[in-house]
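# Analysis of the macromolecular model
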Amino acid sequence: MNLSLTYCFIALFALEILLFGVVIVLLFKVTKSFSAVTVHLTADKQTANHSSKSCEQVVTLKIQALERLLLFVERIQFVVVVKRVFQPDFSLNDFYVAIVQNVQDEFEHNMAQRLYVSENVWRMVVAAKDEIFKKTEDAFFQNNEVSVVKMAELLASIKNDVTDSAVMTIKEEFNKLM
């Protein structure tokens, strides 16, 4: 009887060690899973932070692009462009070329902004530029006998509704970002 009691204790001890081993293995697996989840959550948090920073950077670039395009549209309005390029000793042809070249240079300088604005804004900016070209050509064609001073006055008095619409479209897109 003494021997069988010893075997029982040994069996119970072995069972206890086995259960302890199973618990250790389970704890190891849970810890490993928890570590994987923690790593995954940390990675997700870093990705979210990176995404958030990327979104902030994109919004900043969009705002800067809208600012530049607004400045472009303001700079190509007749009263502004005439002030910038007019020289009293210009011939009519020189004055015409100076206006067209100045507007085209300004446009080309801002073309990369297209990446950051909607197609609607970009179409309005292009339409504003094209309307300036059309009205400039019309003014010079219809008044080809006036002095360069008179042409400057005439151009400065021309109202361009397309540039006003472009300004409004740019402001609307800006307000959507805010």
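As shown above, the structure is provided for reference.
Our subject in this report is the structure included herewith. Per chain, residues are indexed from 1 in the order of the written sequence. For a predicted model such as this one, the threshold for reporting local features is a pLDDT of at least 70, and the threshold for listing and counting side-chain atom pairs is 80 or more; totals across whole chains, interfaces and linings nevertheless cover every residue. Hydrogens are left out, water is left out, and the side-chain values use all remaining heavy atoms of the structure.

### Quick look at helix α5 (residues 148-156)
Here the term buried applies to any residue with accessible area under 20% of the maximum for its type, exposed to any over 50%, and partly exposed to those in between, with areas from a 1.4 Å probe on protein chains only. Secondary structure elements follow DSSP: runs of H or I no shorter than four residues count as helices, runs of E no shorter than two count as strands, and numbering proceeds from the N terminus. By the burial criterion, the buried members of α5 are Val 148, Met 151, Ala 152 and Leu 155. Looking straight down α5, one finds that the buried residues subtend no more than 100 degrees of arc, so they occupy a single side. The contact criterion used throughout is that any non-hydrogen atoms of two residues lie within 4.5 Å. The inward-facing, buried residues of α5 contact α2 (78-85), α3 (92-109) and α4 (119-142). Directions are taken from the helix axis to each C-beta atom, and the arc is the one they span.

### Section: the pattern of salt bridges
Any Lys or Arg side-chain nitrogen found within 4 Å of a carboxyl oxygen on Asp or Glu counts as a salt bridge. If you walk through the whole model with that rule in mind, you get six salt bridges. With a shortest N-O distance of 2.6 Å, Glu 106 and Arg 75 are connected by a salt bridge. Taken together, the residues span a long stretch of sequence, with Glu 106 in helix α3 and Arg 75 in helix α1 (residues 2-75) at a distance of 31 residues.

### Points about α2
Buried within α2 are the following residues: Phe 78, Val 81, Val 82 and Val 85. Each buried residue of α2 sits inside an arc of 100 degrees when the element is viewed along its axis, so together they form one side.

### Things to note about the packing of α3 against α4
Each pair of packed helices gets described by two things: the angle between the helix axes and the distance between those axes. The angle between two axes is taken between their N-to-C directions and runs from 0 to 180 degrees, where each axis is a line fitted to C-alpha atoms and a helix contributes only its stretch in contact. At a closest axis distance of 11 Å, the pairing of α3 and α4 adopts a crossing angle of 175 degrees. Comparing their axes, α4 and α3 come out roughly antiparallel. The residues of α4 that touch α3, namely those facing Leu 92, Phe 95, Tyr 96, Ile 99, Val 100, Val 103, Gln 104 and Phe 107, are Trp 122, Val 125, Val 126, Lys 129, Ile 132, Phe 133, Thr 136, Glu 137 and Phe 140. Oblique is the label for every angle not falling under 35 degrees (roughly parallel), over 145 degrees (roughly antiparallel), or within 65 to 115 degrees (roughly perpendicular).

### Describing the nonpolar core
The tendency in soluble globular proteins is for nonpolar side chains to be buried as a group. The term nonpolar core refers to a set of buried residues drawn from Ala, Val, Leu, Ile, Met, Phe, Trp, Tyr and Cys, joined through side-chain atoms within 4.5 Å. In terms of nonpolar packing, the biggest core is built from 32 residues, with Phe 95, Val 125 and Leu 155 touching the most fellow members. The contact partners of Phe 95, leaving out residues within four places of it in the chain, are Val 82, Val 85, Phe 86, Phe 90, Phe 140, Val 148, Met 151, Ala 152 and Leu 155.

### A word on the packing of aromatic side chains
Side-chain rings of Phe, Tyr and Trp (the six-membered ring for Trp) are treated as a pair once their centres are within 6.5 Å; stacked means planes under 30 degrees apart, edge-to-face means over 60, and tilted covers the remaining angles. What the rule picks out here adds up to six aromatic pairs. Considering the side-chain rings of Phe 72 and Phe 107, the 5.9 Å spacing of their centres and the 50 degrees angle between planes classify their relative orientation as tilted. In this pair, Phe 72 sits in helix α1 while Phe 107 sits in helix α3, placing the two residues 35 residues apart along the sequence. One exposure class covers both Phe 72 and Phe 107, and it is buried. Centre to centre, the rings of Tyr 96 and Phe 140 are 5.2 Å apart; their planes meet at 70 degrees, and the pair counts as edge-to-face.

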